[in-house]
Amino acid sequence: MQVTSRHFKDGAHEALQDKDIQTAFSKVKTGFSVARAARVEELPEFEDLRDTAVDIKNHVIENLDYYLEYFEDQVLLQGGKVHWCNSYAEARDAVLKICRDADAKTVTKGKSMITEEMALNDFLSENNIEPIETDLGEYIIQLAHEYPSHIIAPALHKTKEQVSDLFHVKHQEYGLTERQTDPQALVNEARSVLREKYVAADVGITGANFLIAETGSTVIVTNEGNGDLTQSLPKTHIAVASIEKIVPTLEDASTLMRLLARSATGQEMSVYTTFSTGPKRKDDIDGPANFHVILLDSGRSELIGTDKQDLLRCLKCGACMNHCPVYQAVGGHSYGWVYPGPIGAALNPQMVGLEEARHLPNASTFCGRCEEVCPVRIPLPKIMRHWREKSFETQVTPKPERWGIGLWAFFAKRPALYRLVTRCGAMALRLLAGKKGRLKSLPMMKGWTSVRDLPAPQGKTFMDQWKQQKRGNS
Amino acid sequence: MSETPESKTVALFVTCLVDINRPSVAFAAIKLLEQAGCTIVVPDTQTCCGQPAYNSGDKKSTKAIAAAVIEAFKGFQYVVAPSGSCAGMISKHYPELFADDPTMLVAAEELAGRTYELVAFLSDVLNHQPAATALDASLTYHDSCSSLREMKVRDQPRALLASVDGLEIREAEDREACCGFGGTFCIKYSEISGSMVDKKVDNIAATKADILAAGDLGCLMNIAGRLQRRDEDMKVLHVAEVLAGMTDVPGLGEGER
Ligand code: SF4
């Protein structure tokens, strides 16, 4: 996927000006966050569950090679194949080869963030294979030639009217000429178009929420059931997953699943949970004849043993973005790569380079709400802070900012000088404000005064007054 | 420093914003602490807790400033700040800063262990009810993020405010959302910050309370500035000023009357 994180501020500006986006994102709070709070309330052991999840994930990360090999052995035993890929390019080639072997013209796809990372759709199209997204949200943005703005609800930024217009234009070719406006009618229309595609597809590609070492299974959770059809109707099923998706046992997967849906959408469980274990067996009525797992590293293993290792626990539930005030203001596209919100701010600099993604970890107030809701307790602000320090050290932080902080620190380290400067500053601002008690504009503080007044200092600094009082007393 | 068994010595961490912008908050804090029987000391080598540098990624400067704070507040029984964010910086982040320096780490942890946010200190340590003050007004309290999440201050200010005679507390919607201050964030990403503080002000204004109070001057300056830019009529005060009965000082950004 093309990276545009560099333009975070411009993206944010556009999103803030866009009424549709603002309406769409303001609903994140009332939709997902309120539901999450309700489900958490219902489950007294939620906090314990989080601790267990952290332990499971940490244990896996520390023994990753062992579980990955175990997983591979089980997949082979079941008659499937595992493809180890280091880079996006390797993974794309592996997918293409399987598709070619299957003589594929079209592939259906279940929602998968990892294939967004790989920019798989464009790659397949370039190779004359038509990819069709089957998740409703993904389908909408595929039609609109856009990319996801949320990892759980990819078309969150689109209004019902926009979807209605889009379908009206794009579904003409299927003889569906009437413009639908009712949400259910729109869903039905998409469904009828997709139904044909499922049957025609030669290959089905899904992501995986979990890979289970014990059984060699891949697991996906969906709310539309599109994942089931994507992986069971075509002759060949490819599951694409990054290496940290592995869990030791079925039991562990179920522990994590209890947290996942609650954190993501405020459901007890997703509507569909689908396990794939190898290709169709002799007596099975349906299922794919070929089963492949693409195991992608793409820099993940480099995180192990670093202070960013905690990122590998991420379940991609989206809770952090649902509770992030910055995400709610600027939307997902501003972040400029696959993962928006706090997880994007912490992960993307690693994946796309700090220079490119420097704004993301900076554009946070460190309010801490993301860490508070993350089911696997990833210290997101701490990792963002790590990137800020890295930016400062490697001079990715712009010069004026570094000099400004340097100058301020110079005074902060010298109390006597600091007193002098603050005394003058406070008095000057007081005088400037006059009787109004506040300043409407201040050239040096444009960032502040462009959106709010500046309450003026009361006058003398506290330290000055305190000293005087002491002197008066003694 | 001499100390009778019943008196506690408290070193006041004034915070840079209080020092420069609103000394009355420090005086209110002193009044409250003295009412509770504390002896107050104000070390004069303090400047700032170092957050501007820390949040900008300048770890070296932050460490130098933190070391100075640790030195300035050596030996006091308690260190109290009228700010969740500065108290949080000292008690949560100083130990992280010196994680790889064993000697400094001991000193940082030791300071962290005796540093408190003002309202939490009054409630949790002193178990103090402010002298019966009365105020015939309605008030909405803003939870600052650091107070709420780093210092676990949530019920304490509400309980103390509830003891003020005649004061009605009105909770704002989405009260746990950030106001968009975030230190240098509000200047570097002013547009995003503007959108955040606007939502905050929508919710605060909807309470139609007479007063907005919070425990952090950063949030207060941000919210007051936006309230006033929108011509909303609400008096903005630090929670210490309300509890100390100092509500007749002009609110933040308020002109002469
Ligand atoms: S960082 Fe935590 S909250 Fe955010 S997507 Fe990952 S698991 Fe969910």
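Keep in mind that what you see is a predicted model, and the values were worked out from it rather than measured. (Residues numbered from 1 in each chain as written. Chains lettered and ligands numbered in written order. Predicted model: local features only at pLDDT ≥ 70, side-chain atom pairs only at ≥ 80, totals over all residues. Heavy atoms only, no water.)

Student: Would you explain the overall build of chain B in this entry?
Tutor: Summing up its helical and strand segments, chain B has 13 helices and eight strands in all. The globule rule puts the C-alpha radius of gyration for 257 residues at 18 Å, and the 18 Å found for chain B is close to it. Dimensions along the principal axes, computed over C-alpha positions, put chain B at roughly 50 × 45 × 30 Å. For chain B, with 257 residues in total, the buried portion stands at 65%. Within chain B, residue pairs in contact and separated by at least 24 positions form 75% of the contacts whose partners lie at least 6 positions apart. A total accessible area of about 9000 Å² is found for chain B, and carbon and sulfur atoms account for 51% of it. (Helix = DSSP H or I, 4+ residues; strand = E, 2+ residues; numbered from the N terminus. Rg over C-alpha atoms; globule rule 2.2 N^0.38 Å. Buried < 20%, exposed > 50% of the residue type's maximum accessible area, 1.4 Å probe, protein only. Contact = heavy atoms within 4.5 Å. Areas by Shrake-Rupley, 256 points an atom, 1.4 Å probe, with all protein chains shown as cover.)

Student: I tried to follow the overall build of chain A on my own but got confused; where do I start?
Tutor: The helix and strand inventory of chain A stands at 23 helices and twelve strands. Overall size of chain A, expressed as C-alpha extent along the three principal axes, is 95 × 55 × 45 Å. Taking the contacts inside chain A whose residues are at least 6 apart along the sequence as the reference set, 72% of them involve residues at least 24 apart. Split by element, the accessible area of chain A, about 20500 Å² in all, is 52% carbon and sulfur. Across chain A, 58 positive and 60 negative side-chain charges occur, with their mean positions spaced 14 Å apart. (Lys, Arg positive; Asp, Glu negative; His and termini not counted. Charge placed at Lys NZ, Arg CZ, Asp CG, Glu CD.)

Student: Honestly, the UniProt feature "domain: Cysteine-rich" (unreviewed entry) in chain B in this entry has me stumped. Any pointers?
Tutor: Residues and elements named next belong to chain B. Feature annotation in UniProt places "domain: Cysteine-rich" (unreviewed entry) on residues 10-90 and 140-223, given in this structure's numbering. Regarding residues 10-90, the helix share stands at 56% and the strand share at 14%, and the terminal C-alpha atoms are separated by 16 Å. Spanning residues 140-223, this segment combines 50% helix with 14% strand, and its end C-alpha atoms are found 12 Å apart. (UniProt positions renumbered as here; feature names shortened; annotations may be inferred.)

Student: Help me understand the domain arrangement of chain A in this model?
Tutor: One frequently used descriptor of interface size is the decrease in accessible area upon assembly of the parts. Partitioning chain A into structural domains gives domain 1 (41-151 + 202-301) and domain 2 (400-473). Just the C-alpha atoms count here: the centres of domain 1 of chain A and domain 2 of chain A sit 56 Å apart. (Domains from an automatic or database assignment.)

Student: Can you walk me through the site of the ligand in this structure?
Tutor: Not every one of the 13 residues close to the ligand is listed here, only the nearest: Cys314, Cys317, Gly318, Cys320 and Cys374 of chain A. For the shell around the ligand, the per-class residue count stands at eleven nonpolar, one polar and one charged. (Near = heavy atom within 4 Å. Nonpolar A, V, L, I, M, F, W, Y, C, P; charged D, E, K, R; others polar.)

Student: Where do I start with a nonpolar patch on the surface in this structure?
Tutor: All names here are of chain A. On the surface, Phe410, Leu417, Leu420 and Val421 cluster together to form a nonpolar patch covering roughly 310 Å² of accessible area. Per-element tally for the nonpolar patch: the top contributor is helix α21 (residues 415-433), with three residues. By the element assignment, Val421 lies in helix α21. Exposure remark for Val421: the relative accessible area of 38% places this residue in the partly exposed category. (Patch = residues over 30% accessible without salt bridge, like charges linked within 9 Å, V, L, I, M, F, W, Y side chains within 5 Å. Salt bridge = Lys/Arg side-chain N within 4 Å of Asp/Glu carboxyl O.)

Student: It is not clear to me how the nonpolar core should be interpreted in this structure. Could you clarify?
Tutor: It is characteristic of soluble globular proteins that their nonpolar side chains tend to be buried jointly. Ranked by internal contacts, the top residues of the largest apolar core, which has 76 residues, are Ile343 of chain A together with Ile192 of chain B. Residue contacts for Ile192 of chain B: discarding those within four places in its chain leaves Phe8, Ala12, Leu16, Val326, Ala329 and Val330 of chain A together with Phe185 of chain B. Formed by 66 residues, the second largest nonpolar core is a distinct cluster that contains Val80, Phe121, Val197 and Ala213 of chain B. (Core = buried A, V, L, I, M, F, W, Y, C linked by side-chain atoms within 4.5 Å.)

Student: How should I be thinking about the packing of helix α1 (residues 8-17) of chain A against helix α11 (residues 190-206) of chain B in this particular structure?
Tutor: Geometrically, a packed helix pair is captured by the angle between its two axes and the distance between the axes. Running from N to C, α1 of chain A and α11 of chain B cross one another at 35 degrees; their axes reach a closest spacing of 9 Å. The two elements α1 of chain A and α11 of chain B cross, and the hand of that crossing is left-handed. Residues Phe8, Ala12, His13, Leu16 and Gln17 of chain A of α1 of chain A form the contact with α11 of chain B, whose participating residues are Glu191, Ile192 and Ser195 of chain B. Tallied by class, the residues present in the contact of α1 of chain A with α11 of chain B amount to four nonpolar, three polar and one charged. (Axes fitted to C-alpha atoms, helices over the stretch in contact; angles between N-to-C directions. Left-handed = near helix turned anticlockwise from the far one by under 90°.)

Student: Got a minute to help me understand the sheet that holds strand β2 (residues 38-41) of chain B in this structure?
Tutor: The strands that make up a sheet are held in pairs by hydrogen bonds between backbone atoms, and each pair lies either parallel or antiparallel. All names here are of chain B. One open sheet accounts for four strands, arranged β2-β1-β3-β4; its pairing is parallel. Across the chains shown, the open sheet's two edge strands, defined by having one partner strand only, are β2 and β4 (115-117). Adjacent strand axes in the sheet meet at a mean angle of 35 degrees, parallel and antiparallel pairs treated alike. Bridge analysis of strand β3 (residues 78-81) against β4 gives three bridges, and the strand direction is parallel. (Pairing = 2+ DSSP bridges.)

Student: Honestly, the packing of aromatic side chains in this entry has me stumped. Any pointers?
Tutor: Here a ring pair, both rings aromatic, is described through the centre-centre distance and the interplanar angle of the planes. With the rule as written, the count across this model stands at 18 aromatic pairs over all chains. Put simply, the rings of Phe8, Phe25, Tyr327 and Tyr335 of chain A together with Phe185 and Tyr189 of chain B pair up and form one aromatic cluster. The positively charged end of Lys9 of chain A is found above the aromatic ring belonging to Tyr189 of chain B, 5.1 Å away from the centroid. The ring of Tyr339 of chain A carries Lys316 of chain A above its face, with NZ or CZ at 4.8 Å from the centroid. (Phe/Tyr/Trp six-rings, centres within 6.5 Å; stacked < 30°, edge-to-face > 60°. Lys NZ or Arg CZ within 6 Å of the ring centre and 35° of its normal.)

Student: Please explain the domain arrangement of chain B as it appears in this structure.
Tutor: Residues and elements named next belong to chain B. By domain assignment, chain B separates into domain 1 (9-123) and domain 2 (132-243). In this complex, domain 1 contributes 27 residues to the contact, which on the side of domain 2 involves 23 residues. Counting the surface lost from both domain 1 and domain 2, the interface buries some 1900 Å², and carbon and sulfur atoms represent 66% of this. Interface area lost by domain 1 to domain 2 is led by Leu17, Arg22 and Val119, which between them contribute 24%. (Buried area = accessible area lost by both parts, 1.4 Å probe.)

Student: Explain the pairing of strand β7 (residues 211-214) of chain B to me, please; I cannot follow it from the model alone.
Tutor: Where a strand is regular, its side chains alternate between the two sheet faces. Residues and elements named next belong to chain B. Neither face of β7 is left uncovered, since the one carrying Ile211 and Ala213 and the one carrying Leu212 and Ala214 both have all their residues buried. In this structure, strand β5 (residues 134-142) lies alongside β7, joined through four bridges in parallel fashion. Bridging across to β7, Tyr141 finds its partner in Ala213. Note that β7 and strand β8 (residues 235-238) share four bridges and pair parallel. Bridge pairing in β8 places Ala214 opposite His238. Note that the unit made of β7, helix α12 (residues 217-229) and β8 has a crossover that is right-handed. (Right-handed = clockwise from strand over helix to strand, strands pointing away.)

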